[in-house]
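So the chains spell out like this:
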Amino acid sequence: MLTKKQHELLLYINDQIVETGVSPSFDEMKDALGLRSKSGIHRLITALEEREFIRRLPNRARALEVVRLPDEMAAANTPRAPRFSPSVVAGNFKSRARPAPAAMSSHEGMTELPVLGRIAAGTPIEAIQHEIDRIPAPGALMGSGEHYILEVEGESMINAGILNGDLAIIKRCDDASSGDVVVALVDEEEATLKRLRKKGASIALEAANPAYETRIYGPDRVSVQGKLVALMRRY
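Residues numbered from 1 in each chain as written. Predicted model: local features only at pLDDT ≥ 70, side-chain atom pairs only at ≥ 80, totals over all residues. Heavy atoms only, no water.

## Looking at the overall build of the protein chain
Here is step 1: Summing up its helical and strand segments, the protein chain has four helices and twelve strands in all.
Here is step 2: Here the protein chain, with 235 residues, has 47% of them falling under the buried criterion.
Here is step 3: Here the analysis covers contacts within the protein chain between residues at least 6 apart in sequence; of these, 62% occur between residues at least 24 apart.
Here is step 4: Accessible surface, the protein chain: about 11,900 Å² in total, of which carbon and sulfur atoms supply 50%. (Helix = DSSP H or I, 4+ residues; strand = E, 2+ residues; numbered from the N terminus. Buried < 20%, exposed > 50% of the residue type's maximum accessible area, 1.4 Å probe, protein only. Contact = heavy atoms within 4.5 Å. Areas by Shrake-Rupley, 256 points an atom, 1.4 Å probe, with all protein chains shown as cover.)

What follows is the structure, given as structure tokens:
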């Protein structure tokens, strides 16, 4: 399953290859998706490559090839415009996201929390969308403050006991201590669930799986969107 940005980028690459015979440059992709930096495009390309939608051709400029399209795209026969204006997925609670409704209390110590989408425990993906569901959660798992739920996607935090498909209960906050597992927004574009480490003037987003690398950013590139306080799991 692709995120909205991944879907938009794959569509744009495919349209450009069909129209011009070559894949677009990273600058063209950045402009088409309305991103502020090429680092976001690099992450999206990596995610599409890992999901086997595209592949890189060695020793060639603009060396991207579309391997396959999602079913709904492959089935469509209508022409597509080469340029488009993608809708923005809300990722910054303070400035871009509609505030989630306050948690609603229910019976037997349960509290109904908004589900705001998926969060990556692996390659960063878009997250923190508008409310898509509400799920009752045990009030005993939460303290004071406002909380929401994100579904975990990926395996980079498995050694911390955070598995693909888990429902992460997140306390909304904009700061965290070194060692906390947080929802981190990178470059105001993509969110990921990682352990935060403060290393001098830098911020490290640390995986809990040796197959995934720790990523280090300048403090101006990372903003905390919440802190993990509990997990729920379906069997």
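## Looking at the pattern of salt bridges
Here is step 1: For the coordinates displayed, the defined rule picks out 15 salt bridges.
Here is step 2: With a shortest N-O distance of 3.3 Å, Lys-30 and Asp-31 are connected by a salt bridge.
Here is step 3: A residue is classified by how much of its surface remains accessible, and Asp-31, at 51% relative accessible area, is exposed.
Here is step 4: Among the ionic pairs, Glu-65 bridges to Arg-55, the shortest N-O distance being 2.5 Å. In this pair, Glu-65 is assigned in strand 2 (residues 64–66) and Arg-55 in strand 1 (residues 54–56), connecting sequence segments ten residues apart.
Here is step 5: You can call Arg-55 partly exposed: its relative accessible area is 41%. (Salt bridge = Lys/Arg side-chain N within 4 Å of Asp/Glu carboxyl O.)

## So, the pairing of strand 7 (residues 167–171)
Here is step 1: When you tally the buried positions in strand 7, you get four out of five residues, the bulk of the element.
Here is step 2: Note that strand 6 (residues 147–153) and strand 7 share five bridges and pair antiparallel. Paired with Ile-149 across the bridge in strand 7 is Ile-169.
Here is step 3: By the bridge criterion, five bridges tie strand 7 to strand 12 (residues 222–232) in an arrangement that is antiparallel. For Ala-168, the partnering residue across the bridge sits in strand 12 and is Leu-231. (Pairing = 2+ DSSP bridges.)

## Some thoughts on the environment of Leu-196
Here is step 1: Here Leu-196 shows up in strand 9 (residues 190–199).
Here is step 2: When its relative accessible area of 3% is taken as the criterion, Leu-196 is described as buried.
Here is step 3: Along the backbone, Leu-196 and Val-182 are 14 residues apart, and their C-alpha atoms lie at a distance of 6.6 Å.
Here is step 4: When sequence neighbours within four positions are dropped, the list of residues in contact with Leu-196 reads Ser-177, Ser-178, Gly-179, Asp-180, Val-182, Ile-203, Ala-204 and Val-224.

These results come straight from atomic positions and should not be treated as a statement about function.
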